[in-house]
Amino acid sequence: MTQTEPALRLTIFIGEGDRWHHKPLHHEVVRRAHEAGLAGATVLQGCEGYGRSAMIHTTRLLSLSEDLPLVVVVVDREDRVRAFLSQLDDLVTEGMVLLDEVEIVRYRKKNA
């Protein structure tokens, strides 16, 4: 059996080298999302990418990077995600933030 519900996906594109008070920025974003009671947050590390600077960051052996792309993804109800956006104003000074309407699909085992 499946159930669906509307939600909002918050996607934050930052770099591995981005810091907040000398600590990795993604740690602070996840900490604040948790503190705000959001449903969950996931940090994904990219193996290659570029952004505004047009400098390619990659894991390839001949061009090792210390600033690989990171993506923080949060999905929750729209009102909760939008309320969290003000937290990002203090944190994300460079990068990109996306909001997407999504539909959560939950799979539930049928009762026998």
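Given the structure is predicted, the values throughout are model-derived calculations rather than measurements.

The rules we used
- Residues numbered from 1 in each chain as written.
- Predicted model: local features only at pLDDT ≥ 70, side-chain atom pairs only at ≥ 80, totals over all residues.
- Heavy atoms only, no water.
- Pairing = 2+ DSSP bridges.
- Helix = DSSP H or I, 4+ residues; strand = E, 2+ residues; numbered from the N terminus.
- Axes fitted to C-alpha atoms, helices over the stretch in contact; angles between N-to-C directions.
- Contact = heavy atoms within 4.5 Å.
- Buried < 20%, exposed > 50% of the residue type's maximum accessible area, 1.4 Å probe, protein only.
- pLDDT = per-residue confidence, 0-100.

## Here we look at the sheet that holds strand E1 (residues 2–15)
Hydrogen bonds between backbone groups are what pair the strands of a sheet, and the pairing can be parallel or antiparallel.
Logical step 1: Read across the sheet, four strands follow the order E4-E7-E1-E8 without closing on themselves; strand pairing throughout is antiparallel. Single-partner strands in this sheet number two, and they are strand E4 (41–45) and strand E8 (96–107). Direction aside, neighbouring strands of the sheet carry axes that sit 25° apart on average.
Logical step 2: Alignment of E4 against strand E7 (residues 69–76), held across five bridges, turns out to be antiparallel. Considered in E7, the bridge of Val43 is made with Val72.
Logical step 3: With respect to the sheet, helix H2 (residues 78–91) is in contact with E1, E7 and E8, its orientation differing from that of E1 by roughly 10°.

## A few points about the environment of Val92
Logical step 1: Turning to its location among the elements, Val92 is positioned in the loop between H2 and E8.
Logical step 2: Look at Val92 and you get buried, because its relative accessible area is 17%.
Logical step 3: Separated by 67 residues in the primary sequence, Val92 and Leu25 have C-alpha atoms spaced 8.1 Å apart.
Logical step 4: In contact with Val92, other than residues within four places in its own chain, are Ile12 and Ile14.

## Brief notes about the confidence of the model for the chain
Logical step 1: Model confidence for the chain is summarised by a mean pLDDT of 86, while 83% of its residues fall at 70 or above.
Logical step 2: At the low end of the mean pLDDT range in the chain sits strand E6 (residues 57–58), at 62; at the high end sits helix H1 (residues 25–35), at 97.

## Quick notes on the pairing of E1
Logical step 1: Pairing geometry for E1 and E8, over 12 bridges, is antiparallel. Its bridge partner being in E8, Pro6 is matched across the sheet by Glu103.
Logical step 2: Where E1 meets E7, eight bridges bridge the pair, whose relative direction is antiparallel. Opposite Ile12, over in E7, you have Val72 as the bridge partner.

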